[in-house]
Amino acid sequence: MSNPVTPARRGLDGVVAAQTRLSHVDGQAGELIIGGFELKNLAGHVSFEEAAWLLWHGSLPGKAELDGMRREIAGQRGLPESTLRVVQDAVKAPPIDALRMACATLSLDVANPDDISPAADAQDAMMLMARFPTIVAVHTRLAMGQKPIAPRSDLGLAANFLYMVSGREPDPIAARALDTYWVTVIDHGMNASTFTARVIASTRSDMVSAVTGAIGALKGPLHGGAPGPVLDMLKEIRTAENAEPWLRRELAEGRRLMGFGHRVYKVRDPRAEVLSHVAEEMGRAHLEDRQLFDLARHVEQTALRVLDDVKPGRNLRTNVEFYTALVLQSLGLQPRTFVAMFACGRVAGWCAHVIEQHAEDHLIRPQSEYIGPRGLTVERRAG
Ligand code: ACO
């Protein structure tokens, strides 16, 4: 007798695919818990490094642990030759594709890439978290026709990234904004890229393979690829008066409004709340950012009203990507880099899930519902 099969749920909507201690998304209450903390008690209160440690070890680090972690990350920031060559060859590719290709090469620098023991996973996680921002910074410089800048070991990950892109001493407000952004996106339940990483890890495949696959899942516009188009939208809208006709036209032509809607959240994404404050703070420093922030606030309110009108009952609310676009552009980054910046934060969460999945050691293997024909036969053709 064959296994009983439950009917397919489109897009696995509502299906619980794993138990996790890492994060929990309550889409009705608009709550995100990361390692036991509500996001609003974590983002802006701990550094990205501390949040990663929390996910990997189950509690926030003590001073000695954090210092040790910072030293190790600083020591691993440089790129191996083979990785650097791929980043150079991929100079014209979108940064997220360059990151995916470069990430795959990192297993060349691991003593035993097939080792999935907790000790090997912990080392790989640290190495990936250290090198992702370097890869994106080097690619950004090369794409602008500039020479890469060597990492500095005296700076945290966020400040060092900004230094490697601009070559200037990083503005502490900007470094804090990026750090808060990375904490905000560090983990988010069973999203598509995390699920991808867990599926790969569940086959007893290694950390670098799982994270490389996750990057592929993240880049699509329905997942991490939305903030670039959000900025395009704001730039096209330009003025508050244009907002409503522009948004209605988009919807009438069957297009989606980027930065709105979510599979799980039916209220405002709590990450949008955190990042709107970060964007506002950045806007206080620069007039251009403030004008864009004011426009974004107006577009958000108008879009929510228009979506309720045109798509009633769907509860389409602001998601994380809307204010991500503002935060990242205020750091001087180009929209094409945005999804790679997301990956630099989420990599810590992917690694935590790979560690958890390796400990679980159970293959993820759903079934499909066959809807094709049956009973066909091959007729031999003469000649
Ligand atoms: N703009 C307009 N309509 C929308 C939007 C949107 N942003 N999102 C959903 N809808 C509509 C759909 O057209 C559909 O309408 P219908 O019932 O008339 O056919 C209905 O709402 C339900 O849409 P689904 O695609 O079934 O909803 P799902 O839960 O699969 O979508 C998703 C979630 C993919 C995020 C969607 O809201 C979307 O495409 N948003 C825009 C892209 C975006 O912002 N992505 C970033 C997500 S956050 C992240 O992944 C980090």
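An account of the accompanying structure is given in this report. What you see is a predicted model; the values in this text were computed from it and never measured.

1. Thoughts on the nonpolar core
Across soluble globular proteins, nonpolar side chains have a tendency to be buried as a group.
Next up, step 1: Ranked by size, the top nonpolar core spans 116 residues in total, and within it Trp-56, Leu-128, Phe-132, Phe-161, Leu-178, Tyr-181 and Trp-182 carry the most contacts.
Next up, step 2: Of the residues forming this core, the biggest block, 13 residues, is contributed by helix α16 (residues 338-360).
Next up, step 3: With residues up to four places along the chain from it excluded, the contact list for Tyr-181 reads Leu-275, Thr-324, Val-327, Leu-328, Phe-338, Met-341 and Phe-342.

2. Focus on the site of the ligand
Next up, step 1: In the region of the ligand, 21 residues are neighbours, and Arg-256, Leu-257, Gly-259, Phe-260 and Arg-314 sit closest.
Next up, step 2: The contact in question runs from a nitrogen atom of the ligand to an N or O atom on the backbone of Phe-260, over 2.8 Å.
Next up, step 3: For the ligand, an oxygen atom lies 2.9 Å from a polar atom in the side chain of Asn-319.
Next up, step 4: For the ligand, whose accessible area on its own is 930 Å², the fraction buried by protein is 76%.
Next up, step 5: Broken down by class, the residue content of the shell around the ligand amounts to 11 nonpolar, 5 polar and 5 charged.

3. Considerations on helix α15 (residues 320-330)
Side chains of residues three or four places apart in an α-helix project in the same direction, reflecting 3.6 residues per turn.
Next up, step 1: Judged by how many residues are buried, α15 sits mostly within the fold: 11 of 11 residues are covered.
Next up, step 2: Buried residues of α15: Val-320, Glu-321, Phe-322, Tyr-323, Thr-324, Ala-325, Leu-326, Val-327, Leu-328, Gln-329 and Ser-330, and no others.
Next up, step 3: Close packing links the buried residues of α15 with α8 (172-184), α11 (227-237), α13 (270-285), α14 (287-310) and α16.
Next up, step 4: Sitting at the amino-terminal end of α15 is Asn-319, which places a side-chain oxygen 2.9 Å from the backbone nitrogen of Glu-321.
Next up, step 5: Following α15 by one or two positions, Gly-332 has its phi on the positive side, about 85 degrees.

4. Some thoughts on the pattern of salt bridges
Next up, step 1: Within this structure, the stated rule accounts for 21 salt bridges.
Next up, step 2: When the shortest N-O distance is used, the salt bridge between Glu-38 and Lys-40 registers 2.9 Å.
Next up, step 3: Judged by relative accessible area, Glu-38 falls into the partly exposed class, the value being 27%.
Next up, step 4: Of the residues examined, Lys-40 reaches a relative accessible area of 55% and is grouped as exposed.

5. Some words on the pairing of strand β1 (residues 23-26)
Next up, step 1: Every second residue of β1 is oriented toward a common face, the buried set being Ser-23 and Val-25 and the non-buried set His-24 and Asp-26.
Next up, step 2: Examined bridge by bridge, β1 and strand β2 (residues 31-34) share 4 bridges and lie antiparallel to one another. By the bridge assignment, Ser-23 is partnered in β2 with Ile-34.
Next up, step 3: What sits between the antiparallel neighbours β1 and β2 is a turn of 4 residues, in which Gly-30 has the positive phi angle 70 degrees.

6. Let's talk about the packing of aromatic side chains
Next up, step 1: Summed over the entire model, instances satisfying the criterion amount to 5 aromatic pairs.
Next up, step 2: Between Phe-161 and Trp-182, the ring centres sit 6.2 Å apart and the planes meet at 70 degrees, which makes this aromatic pair edge-to-face. A residue pair is termed long-range when its members are at least 10 positions apart, and Phe-161 in helix α7 (residues 157-166) and Trp-182 in helix α8 qualify at 21 residues.
Next up, step 3: Since its relative accessible area comes to 0%, Phe-161 is described here as buried.

Reading the values: rules and limits
Residues numbered from 1 in each chain as written. Predicted model: local features only at pLDDT ≥ 70, side-chain atom pairs only at ≥ 80, totals over all residues. Heavy atoms only, no water. Core = buried A, V, L, I, M, F, W, Y, C linked by side-chain atoms within 4.5 Å. Buried < 20%, exposed > 50% of the residue type's maximum accessible area, 1.4 Å probe, protein only. Helix = DSSP H or I, 4+ residues; strand = E, 2+ residues; numbered from the N terminus. Contact = heavy atoms within 4.5 Å. Near = heavy atom within 4 Å. Polar contact = N/O pair within 3.5 Å; in protein donor to acceptor, adjacent residues only side chain to side chain. Areas by Shrake-Rupley, 256 points an atom, 1.4 Å probe, with all protein chains shown as cover. Nonpolar A, V, L, I, M, F, W, Y, C, P; charged D, E, K, R; others polar. Salt bridge = Lys/Arg side-chain N within 4 Å of Asp/Glu carboxyl O. Pairing = 2+ DSSP bridges. Phe/Tyr/Trp six-rings, centres within 6.5 Å; stacked < 30°, edge-to-face > 60°.

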